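Listed here are the chains, written in short residue letters.
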Amino acid sequence: MNEKVVTRFAPSPTGYLHIGGARTALFNWLYARHHGGKMLLRIEDTDRERSSEAAVKAIIEGLAWLGLDADEPPISQFERAARHREVAEEMIARGQAYYCYASQAELDEMREKARAQKRPPRYDGRWRDRDPSEAPAGVKPVIRLRAPLDGETVVHDRVQGEVRFPNKDLDDLVLLRSDGTPTYMLAVVVDDHDMGVTHIIRGDDHLTNAARQTLIFQAMGWDVPVMSHIPLIHGADGAKLSKRHGALGVEAYREMGYLPAGLNNYLVRLGWSHGDDEIMSMDDMIRWFDVDDVNKGAARFDFAKLEAVNGYWMRHSEDGWLAETLMRERDFLPNGDILRMADDATVLRLLTAAMPGLKERAKTLVELADSAAYLFVRRPLALEEKAEQILADGGRGVIAMVLPALRAVDDWSVPALEAAVRQVAEANGLKLGKVAQPLRAALTGRTTSPGVFDVLAVLGREEALARLADQSGA
Ligand code: GLU
């Protein structure tokens, strides 16, 4: 039997694609890719009050940005309600489910009684074997699963191991409500079956659901998919992930300037590892990922690590590609307007030329845009306070001293510029740094920037000399 692997990502569109959901999608996507199978997307939109089209769109866009697109068009769970109803009725016909006419008052009473006896609330099975002819007139029944009363249900989980649930703790859950709408538990099972899902990979908050869902699969005589319940992501302090810790939608990470390669690389390492490898390309991940290696313990989200990983992928990106990516992402970045300070062709040309110096320092696209600003600012430059101080403290004199040598440079290249500046520094008994500092302040208006010879070269002779002349005090 060589069954094709089918995984699914099944978000509820009640909010954006959050970071935990993105990791779940990534694991499903990688598992499918690793096995040459496919990943499907099911939008669990049965809660009509809380679901929205905007959230569906954000989820699909978030997945597309991360490169984790599903292999088929998304399936709406809500639209499949008739099929869910059909299965509930089939279960009645098979004797695996029954109509229950218990009133709300009766159910409340059962719950109260259980609470008083300190038992978990559990439906007492009062309609399980009762003849439907006894049904009270005018009451619309629910359909309940005829769950086994004793024995246990075992979830064979690839991450959690064998997890056993005594059946006495799993009551006759409702499959179809009295208004004919399916419950979540029924909908998930029917959809997973009909979609041909072979592997379920999801958060371990669904582990108890897995036992109940197993009972439904078994009642229908369907194969139970292979389950993997992955640990949730916690904050750096070990507490449940909150906004403060990074429990944000993926679009927030896009706005913070992370690359999909960086974010995916960081996320895959949350709960899963491959030896000591920290840095992995998507191809590495596809080759190496296996759900058996996912840890049971909660993973901790750490912004510093995310930044470090992202910085790696920025430094190892090709210059032209990174420049284009930065420009394409400018609508999402809070400081994206920096990339609109000149016409697009000029911005792209200057960015690409400056990129080797820029990308060494930046950990995010936001930092990259910020450090590129010097390329596009107009003369005379607005100086940051510290830069102004350097120029005021003798820096202007230094610039006046260096200017003639720079003007004399024929070949406006890093080595020639460096040689010229060094010579002036040596001739005047100054350390190179003492000369570089005011040059940087005058050329960029700041005290930090890529290497000053790079800056000179990238700006070009005319612009660089003009910026220096503006500050030479002459
Ligand atoms: N819709 C559920 C959620 O967002 C996932 C259900 C599942 O994966 O079975 O948590």
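Treat the numbers as computed from the prediction; the structure is a model and nothing was measured.

**Quick notes on the packing of aromatic side chains**
The way to describe two aromatic rings as a pair is by their centre distance and the angle between their planes.
Part 1: Enumeration according to the criterion identifies 9 aromatic pairs in this entry.
Part 2: The interplanar angle of 15 degrees and the centroid separation of 6.1 Å between the aromatic rings of Tyr 253 and Phe 303 together place this pair among those described as stacked. Highlighted residues: Tyr 253 in helix H7 (residues 250-255) and Phe 303 in helix H10 (residues 303-315), separated in sequence by 50 residues.
Part 3: Relative to Trp 313, the ring of Tyr 312 lies with its centre 5.2 Å away and its plane at 85 degrees, an arrangement referred to as edge-to-face.

**A look at the environment of Gly 473**
Part 1: Residue position: Gly 473 is located in the segment after helix H18 (461-471).
Part 2: For Gly 473, a relative accessible area of 60% translates into the label exposed.
Part 3: In sequence terms Gly 473 and Ile 279 are 194 residues apart; their C-alpha atoms lie 49 Å from each other.

**With respect to the site of the ligand**
Part 1: Surrounding the ligand, one finds Arg 8, Ala 10, Pro 11, Ser 12, Glu 44, Tyr 184, Arg 202 and His 206.
Part 2: The separation between a nitrogen atom of the ligand and a polar side-chain atom of Glu 44 is 2.5 Å.
Part 3: In the environment of the ligand, an oxygen atom lies 2.7 Å from a nitrogen or oxygen atom belonging to the side chain of Arg 202.
Part 4: Surface burial for the ligand is 79%, taken as the share of its 300 Å² of free accessible area covered by protein chains.
Part 5: Among the cavities detected, the one that contains the ligand is the largest pocket.
Part 6: Of the residues contributing to the shell around the ligand, the split by class is 3 nonpolar, 2 polar and 3 charged.

**Description of the side chain of Gln 213**
Part 1: Within the element layout of this structure, Gln 213 appears in helix H6 (residues 207-220).
Part 2: Not counting residues within four places of it along the chain, the set of residues in contact with Gln 213 comprises Tyr 184, Met 185, Val 188, Val 189 and Arg 202.

**Section: the packing of helix H1 (residues 19-34) against helix H8 (residues 260-268)**
Part 1: Here H1 crosses H8 at 85 degrees, and the two axes come no closer than 10 Å. The angle between H1 and H8 falls in the class roughly perpendicular. Of H8, the residues touching H1 (which contributes Ile 19, Ala 22, Arg 23, Leu 26, Phe 27 and Leu 30) are Leu 263, Asn 264, Leu 267 and Val 268.
Part 2: Here the contact of H1 with H8 is composed, by residue class, of 8 nonpolar, 1 polar and 1 charged.

**Focus: the UniProt feature "domain: Aminoacyl-tRNA synthetase class I anticodon-binding" (unreviewed entry) in the chain**
Part 1: Residues annotated in UniProt with the feature "domain: Aminoacyl-tRNA synthetase class I anticodon-binding" (unreviewed entry) correspond here to residues 350-469.
Part 2: Across residues 350-469, helical content stands at 74% and strand content at 0%; the span's end C-alpha atoms are separated by 21 Å.

**Regarding the sheet that holds strand S4 (residues 97-100)**
Strand pairs in the sheet, formed through backbone hydrogen bonds, run parallel or antiparallel to each other.
Part 1: Strand order in this open sheet of 3 strands is S4-S5-S8, and the pairing throughout is antiparallel. Edge strands, defined here as strands with exactly one partner in the open sheet, are S4 and strand S8 (174-176). Put simply, the sheet's adjacent strands are angled 45 degrees from each other on average, direction ignored.
Part 2: Two elements, strand S5 (residues 142-145) and S8, share 2 bridges in a ladder whose sense is antiparallel. Bridge pairing in S8 places Ile 143 opposite Leu 176.
Part 3: Across the sheet, helix H3 (residues 81-93) touches S4, S5 and S8, and the angle it forms with S4 is around 100 degrees.

**Some points on the UniProt feature "short sequence motif: 'HIGH' region" (unreviewed entry) in the chain**
Part 1: The UniProt record annotates "short sequence motif: 'HIGH' region" (unreviewed entry) at residues 11-21.
Part 2: Between the end C-alpha atoms of residues 11-21 there is a gap of 7 Å, over a span that is 27% helix and 0% strand.

**Topic: the packing of helix H15 (residues 414-427) against helix H16 (residues 432-444)**
What describes two packed helices is the angle between their axes and the distance between those same axes.
Part 1: Direction vectors running N to C along H15 and H16 enclose 120 degrees, while the axes themselves pass 9 Å from each other. In this view, H15 runs oblique relative to H16, as classed from their interaxial angle. You can see that H15 and H16 cross each other, and the crossing is right-handed. Residues Val 421, Arg 422 and Ala 425 of H15 touch H16, and the partners they reach there are Leu 432, Val 435 and Leu 439.
Part 2: Partitioning the contact of H15 with H16 into residue classes produces 5 nonpolar, no polar and 1 charged.

The rules we used
Residues numbered from 1 in each chain as written. Predicted model: local features only at pLDDT ≥ 70, side-chain atom pairs only at ≥ 80, totals over all residues. Heavy atoms only, no water. Phe/Tyr/Trp six-rings, centres within 6.5 Å; stacked < 30°, edge-to-face > 60°. Helix = DSSP H or I, 4+ residues; strand = E, 2+ residues; numbered from the N terminus. Buried < 20%, exposed > 50% of the residue type's maximum accessible area, 1.4 Å probe, protein only. Near = heavy atom within 4 Å. Polar contact = N/O pair within 3.5 Å; in protein donor to acceptor, adjacent residues only side chain to side chain. Areas by Shrake-Rupley, 256 points an atom, 1.4 Å probe, with all protein chains shown as cover. 1 Å grid on protein atoms, 1.4 Å probe; cavity = no way out; pocket = protein on both sides within 12 Å on 5 of 7 lines; lining within 4 Å. Sits in = over half its atoms within 2 Å of the grid points. Nonpolar A, V, L, I, M, F, W, Y, C, P; charged D, E, K, R; others polar. Contact = heavy atoms within 4.5 Å. Axes fitted to C-alpha atoms, helices over the stretch in contact; angles between N-to-C directions. Parallel < 35°, antiparallel > 145°, perpendicular 65-115°, else oblique. UniProt positions renumbered as here; feature names shortened; annotations may be inferred. Pairing = 2+ DSSP bridges. Left-handed = near helix turned anticlockwise from the far one by under 90°.

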